[in-house]
Amino acid sequence: MHELITLWMSWVQDWGYAGVIILMAMESSIFPVPSEVVIPPAAILSAQPDAPMSFWGVVLAGTFGSWLGSAITYVVARVVGRPVIMRWGKFFFMPPHKVEKAELFLQRYEVSGVFFARLLPVIRHLISIPAGIVRMGFGVFSLVTTLGAFAWCAVLAWYGHRIGERHPELLKSPEELIRTVKSESLPLILAVLVLAVCYIIMLRLTDKKKAEEGTESPSLETDE
């Protein structure tokens, strides 16, 4: 894994925005590239004097790459269909149980689920598959994917930029960089999870209220 992380970070350093776009496209598809080894290093580079990239350039490149990878996965899933994915997905890091989990998440939370999925580990790169299978409108899918990806990339870039100002030497040590990013971003990630949980609770309470109203309506009609 050390060799892969070093390779991916070298893409960011050598290719600039193109490296960010390619890696984030991979992260948003079936390739297990952690966004934590893409956006923070790029943001650290942007914090250096005479940097080849800017902070917002990193955010926009990451957002576009995330949308690109998600869009490709969406189109493939829409074209090949669920049976093919369930049968052969395990050979492309998409075992049936993960696909089913993403399907349940999308079925339960629909459009908002795509947005929140962009902020959550594991399901982030899988949510495009059920969206393509159920043929969600591509325009709507693209919009919520872009918004979610922009939020996530902005968070990682902000942390990376802040870390880079204090520890520019971290670019020389991939493992130390990842440890530092994970430890310093933990509070915000927890805040995102709390927000997602609160939103899920709100949806469940709303659905429960609708269900109760739905059961009351027939009885009123019967009384009449």
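### Observations regarding a nonpolar patch on the surface
Where nonpolar side chains cluster on the molecular surface, the patch consists of Ile72, Val75, Val76, Val79, Val80, Val84, Trp88 and Phe138 and spans about 690 Å² of accessible area. The leading source of residues in the nonpolar patch is helix 4 (residues 55-80), at 5 residues. When you line up the elements, Phe138 lands in helix 8 (residues 138-166).

### What to know about the nonpolar core
Side chains of a nonpolar character, in soluble globular proteins, are inclined to be buried together. Counting residues in each nonpolar core, the largest one holds 25 residues, and the members touching the most others are Val12, Val20, Leu23, Val38, Ile39 and Met53. Secondary structure elements with two or more residues in this core: helix 1 (2-15), helix 2 (17-27), helix 3 (39-46), helix 4 and helix 8. With 5 residues, the single largest contributor to this core is helix 8. Residues contacting Met53, with those up to four places away along its chain left out, are Val12, Gly16, Tyr17, Val20, Ala42, Leu45, Ser46 and Val58.

### Comments concerning unusual backbone geometry
Residue Arg135 is not a glycine yet carries a positive backbone phi of 60°. With respect to the element layout, Arg135 can be found in the loop between helix 7 (128-133) and helix 8.

### Details of the environment of Ser66
For Ser66, the location among the structural elements is in helix 4. On the basis of relative accessibility, which here comes to 1%, the residue Ser66 falls in the buried class. Put simply, Ser66 and Phe150 are 84 residues apart on the chain and 8.7 Å apart in space, counted from C-alpha to C-alpha. Look past the residues within four positions of Ser66 in its chain and what remains in contact with it is Met24, Ala25, Glu27, Ser28, Arg118, Ala149 and Cys153.

Definitions and limits used
Residues numbered from 1 in each chain as written. Predicted model: local features only at pLDDT ≥ 70, side-chain atom pairs only at ≥ 80, totals over all residues. Heavy atoms only, no water. Patch = residues over 30% accessible without salt bridge, like charges linked within 9 Å, V, L, I, M, F, W, Y side chains within 5 Å. Areas by Shrake-Rupley, 256 points an atom, 1.4 Å probe, with all protein chains shown as cover. Salt bridge = Lys/Arg side-chain N within 4 Å of Asp/Glu carboxyl O. Helix = DSSP H or I, 4+ residues; strand = E, 2+ residues; numbered from the N terminus. Core = buried A, V, L, I, M, F, W, Y, C linked by side-chain atoms within 4.5 Å. Buried < 20%, exposed > 50% of the residue type's maximum accessible area, 1.4 Å probe, protein only. Contact = heavy atoms within 4.5 Å.

From the geometry alone we can't say anything about function, so treat these as descriptive.
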